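Structural overview
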Protein chains: 2
Amino acid sequence: MSGAVASNGDSSGESIEIVSVPIERAAVVGCGVIGAAWASRLVLNGVDVAISDPSPNAEQIVTEVLANAVAAYDDLGLPTDRQGTYRMAASIADAVADVPFVQESVPERPDIKAAVLAEIEAAASADAIIGSSTSGIKPSVMQATMTHPERLVVGHPYNPVYLLPVVEVVGGEHTTIENVRRAQGIYAGIGMKPVHVRVEIDAFVGDRLLEAVWREALWLVNDGVATTQEIDDIITHGFGLRWAQMGLFETYRVAGGAGGFRHFIEQFGPTLEWPWTKLMDTPEFTPELVDTIVEQSDAQSGMHEIRELERTRDRNVVGFLKVLEENRWGAGTTIAEQREG
Amino acid sequence: MSGAVASNGDSSGESIEIVSVPIERAAVVGCGVIGAAWASRLVLNGVDVAISDPSPNAEQIVTEVLANAVAAYDDLGLPTDRQGTYRMAASIADAVADVPFVQESVPERPDIKAAVLAEIEAAASADAIIGSSTSGIKPSVMQATMTHPERLVVGHPYNPVYLLPVVEVVGGEHTTIENVRRAQGIYAGIGMKPVHVRVEIDAFVGDRLLEAVWREALWLVNDGVATTQEIDDIITHGFGLRWAQMGLFETYRVAGGAGGFRHFIEQFGPTLEWPWTKLMDTPEFTPELVDTIVEQSDAQSGMHEIRELERTRDRNVVGFLKVLEENRWGAGTTIAEQREG
């Protein structure tokens, strides 16, 4: 397997100094939970946002998500005196005219993406950066029908977008490296850590890892090995607590002791290979499997309203970010930079 | 694929009330990082521990890991007035005689496990519970040569064992459900959340998920898509912050909104299926791939001493646990129970 299609620029993985690009206005096109959270991050970082979404619920979603975001920023002690504004635009054209940056978060269908990108391009200035929130569609696919494909990047966030700082920035074969850098600068300017994914593959980096876990978890539920609650308990009481502060590789490095990563591989490599060949196939997504998951998830979380779960999640993540900032570590360093503005 | 071999008891996944089983003495056999961390958890929860390990470094490892554990418990504000003692035993026989509980953490080789279990059984009382820290070997395999196989369980922890509360408890085909419950009670008595893995499969639950991520991450490094630093940044600044407090399923439930998990699957199911078929094969663990990982890991973490990284990790995890306990959520609820004793 080689997923490599396009590689832009710093292929060595050398660290590049990201220069923040402050913006005053932006458009958010598509305003479900992700779009609304983008709007919230932009507003709370001083940007005036025009939002376009045909759904009659869009404004309500913005109001609710922004309220959560304001509460989280208050709790985190981030300054709110540089707050921007938002307005519901009448159309995509109305939203994107005269903004230097557009974030697209419409449904994950290539035909919808193409139609929306065409509408954005018809009204936006030719050099506006367009970021797409897609979780998996390659930018080269999306930019194939564009007039100015050189300014399209994927800017893939993690929800809650207003709190989790990472964004994966992926250029397609027509994206210029200058525009990748500009996009990184714009994301850095709203408190984010923009990681440039230099080789274009389906699902990029984070969702590759999440897909792998999801596939495996489906097997465990399908085979009756564990319930959704048990799987989640093992994550949240186990390695999830590690990954909020050290990733896969750094955690394993620590496990390997003073011998570094080579020692870890020598010590655990053979063990880690054992079950591999058995984990390759996938469970069929049958109605029975869906029913099982739905029932187990209801038993696990059905007693909580979603908005209540969101507030709990935010309160927990805010607490973690405070800890990390105090310890000058991991995502806390990004928050410290955001605080300085 | 079906990994099912043996299923013990509560196959429905119904929650069982775990009754703590307090113990006064225990043996730790095998004292690398994991064994030493078990010894530390036992001592700090009031148990007198006899430790057996032929390595001349074993006592030093215990001293260092216990110092980290004491610092973490102080920081967490857990009472230390019920602290137990530890001693380095002259032999396995010396360590395990007259203890109700033995935790085995010797290297992950079936032949070594078998030899050590034989030595333990030769000296331990017939009803002492034996827990194995193995990450992947099935208890049915380990108990095949045992005299009293009915008391062997896997008790698979996550490092740092003295802080992360979860332990996967897995019985083999000869383990009685009474002994699984006793083992769960013993682990609960030292502040842990013992999750009974009811179906015996290679690598159990958490390591299945970790294997999947590890395999995928190796591809990303192998194909030059991302460096170890970039992958870790995406974890620690993204979904890692979520998983310290809500697992895979609860997080996705929240993403699906008020429609519950069925809505999530309807909304994202097809997208989630897209890249699956491309993620099935595995990279070969070539010397070149090992070199690449080692170099990238050195660049990422080589400036920190391992003990320093361990202290940083513990300080971060302690902070997270305090946040979760204050919010009465996730692993914080287990810590609250541990605090009450």
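Residues numbered from 1 in each chain as written. Chains lettered and ligands numbered in written order. Predicted model: local features only at pLDDT ≥ 70, side-chain atom pairs only at ≥ 80, totals over all residues.

1. Points about the overall build of chain A
Heads up, the condition is: A helix here means a DSSP run of H or I that spans at least four residues, while a strand means a run of E at least two residues long, and both kinds are numbered starting from the N terminus. Taken over C-alpha atoms, the radius of gyration is set against a globule rule of 2.2 Å times the number of residues to the power 0.38. Note on burial: count the other C-beta atoms lying within 10 Å of the residue's C-beta; 20 or more is buried, 12 or fewer is exposed, in between is partly exposed, and C-beta positions come from the backbone. It is the C-beta atoms, placed from the backbone, that decide contacts: two residues are in contact if theirs lie within 7 Å.
Helix and strand counts for chain A stand at 13 helices and 8 strands. What you see for chain A is a C-alpha radius of gyration of 21 Å, in line with the 20 Å of a compact globule of 341 residues. Viewed in the frame of its principal axes, chain A has a C-alpha envelope of about 55 × 45 × 45 Å. Looking at chain A residue by residue over its 341 residues, the buried ones come to 55%. Pairs at least 24 apart in sequence give 71% of the contacts found in chain A among residues at least 6 apart.

2. Some details on unusual backbone geometry
Leave glycine aside and you will find that most residues have negative phi; peptide bonds, for their part, are mostly trans. For the bond from N159 of chain A to P160 of chain A, the omega torsion is 0°, close enough to zero to count as cis. Topologically, P160 of chain A is positioned in the loop between β6 (152–157) and β7 (166–171). In this structure, R328 of chain A takes a positive phi of about 50° despite not being glycine. Relative to the helices and strands, R328 of chain A is located in the loop between α12 (306–326) and α13 (331–340). We classify R328 of chain A as exposed; it has 10 C-beta atoms within 10 Å. Phi is positive for A203 of chain B, which is not a glycine, with a value near 70°. With respect to the helices, strands and loops of the structure, A203 of chain B is situated in the loop between β8 (193–196) and α7 (206–222). A tally of 26 C-beta atoms within 10 Å means that A203 of chain B is categorised as buried.

3. Concerning the environment of A331 of chain A
Within the secondary structure layout, A331 of chain A lies in helix α13. For A331 of chain A and V225 of chain A, which are 106 residues apart along the polypeptide, the C-alpha to C-alpha distance reads 34 Å.

4. Details of the sheet that holds strand β7 (residues 166–171) of chain B
All names here are of chain B. The following threshold applies: Pairs of strands are assigned from DSSP output, requiring at least two bridges between the strands. To obtain each axis, a line is fitted to C-alpha atoms, and for helices this fit is confined to the stretch in contact; angles are then taken between N-to-C directions over 0 to 180 degrees.
Across the sheet, which stays open at both edges, the 8 strands sit in the order β3-β2-β1-β4-β5-β6-β7-β8 with mixed pairing between neighbours. Whereas interior strands pair on both sides, the edge strands pair on one side only; in this sheet they are β3 (86–88) and β8. Each adjacent strand pair in this sheet contributes to an overall mean axis angle of 25°, direction not counted.

5. Quick look at the domain arrangement of chain A
What counts, and what does not: Here the limits of each domain have been adopted from an automatic or database domain assignment.
Each assigned domain of chain A is listed with its residue range as follows: domain 1 (25–196) and domain 2 (207–303). Here the C-alpha centroids of domain 1 of chain A and domain 2 of chain A sit 31 Å apart.

6. Some thoughts on the pairing of β7 of chain B
Each regular strand displays side chains that alternate between the two surfaces of the sheet. Residue and element names in this part refer to chain B. Inclusion rule: With the strands pointing away from the viewer, any crossover whose connection runs clockwise from the first strand over the helix to the second is right-handed.
Buried residues dominate β7, accounting for 6 of its 6 residues. Alignment of strand β6 (residues 152–157) against β7, held across 5 bridges, turns out to be antiparallel. Within β7, the position partnered with V154 by the bridge is V170. You can see the chain leave β7, run along helix α6 (residues 177–189) and come back into β8, and the turn it takes is right-handed.

7. Quick notes on the nonpolar core
Rule in force here: Structurally, a nonpolar core is described as a collection of buried Ala, Val, Leu, Ile, Met, Phe, Trp, Tyr and Cys residues joined by way of C-beta atoms within 7 Å.
The biggest cluster of nonpolar side chains holds 201 residues, and the ones touching the most others in it are A39 and V102 of chain A together with A39 and V102 of chain B. Among residues more than four places away in sequence, those in contact with A39 of chain B are V28, C31, V49, I51, V62 and Y86 of chain B.

8. Brief notes about the environment of I16 of chain A
Counting through the fold element by element, I16 of chain A comes out in the segment before β1 (25–29). Each C-alpha atom, one on I16 of chain A and one on H196 of chain A, is 9.6 Å from the other, the two residues being 180 residues apart in sequence.

9. Considerations on α13 of chain A
Going by this rule: The arc in question is traced by the directions running from the helix axis to the C-beta atoms.
Buried residues of α13 of chain A: A331, G332, T334, I335 and Q338 of chain A, and no others. Down the axis, α13 of chain A shows its buried residues gathered within 155° of arc, on one side only. Of the surrounding secondary structure, the elements contacted by the buried residues of α13 of chain A are β8 (193–196) and α12 of chain A together with α8 (228–243) of chain B.

10. Quick word on the packing of helix α12 (residues 306–326) of chain B against helix α13 (residues 331–340) of chain B
Residue and element names in this part refer to chain B. To keep things clear, this is the line we draw: An angle below 35 degrees is treated as roughly parallel, one above 145 as roughly antiparallel, one from 65 to 115 as roughly perpendicular, and anything else as oblique. Gly counts as polar in this scheme, as do all residues outside two lists: the nonpolar Ala, Val, Leu, Ile, Met, Phe, Trp, Tyr, Cys and Pro, and the charged Asp, Glu, Lys and Arg.
Direction vectors running N to C along α12 and α13 enclose 85°, while the axes themselves pass 7 Å from each other. As the angle between them shows, α12 and α13 are arranged roughly perpendicular. In contact with L321, L324 and E325 of α12, α13 contributes A331, G332, I335 and A336. When the residues that make up the contact of α12 with α13 are grouped by side-chain class, the tally is 5 nonpolar, 1 polar and 1 charged.

11. Quick word on the packing of helix α8 (residues 228–243) of chain A against helix α11 (residues 287–301) of chain A
All names here are of chain A. Remark: α8 packs on α11, axes separated minimally by 8 Å, with the N-to-C direction vectors making an angle of 60°. Considering their axes alone, α8 and α11 lie oblique with respect to each other. Between α8 and α11, the contacting residues are T228, Q229 and D232 on the first element and I293, Q296, S297, A299 and Q300 on the second.

12. Focus on the relation of the copies chain A and chain B
Rules: The copies were overlaid with a least-squares fit restricted to C-alpha atoms from residues scoring a pLDDT of at least 70 in each copy.
Once chain A is rotated about the relating axis by 180° and shifted along it by 0.0 Å, it coincides with chain B to within an RMSD of 0.0 Å. On this basis, the relationship between the two copies can be described by a two-fold rotation axis. Of all interface residues in chain A, 99% are interface residues in chain B too; the two copies therefore contact each other through one and the same surface.

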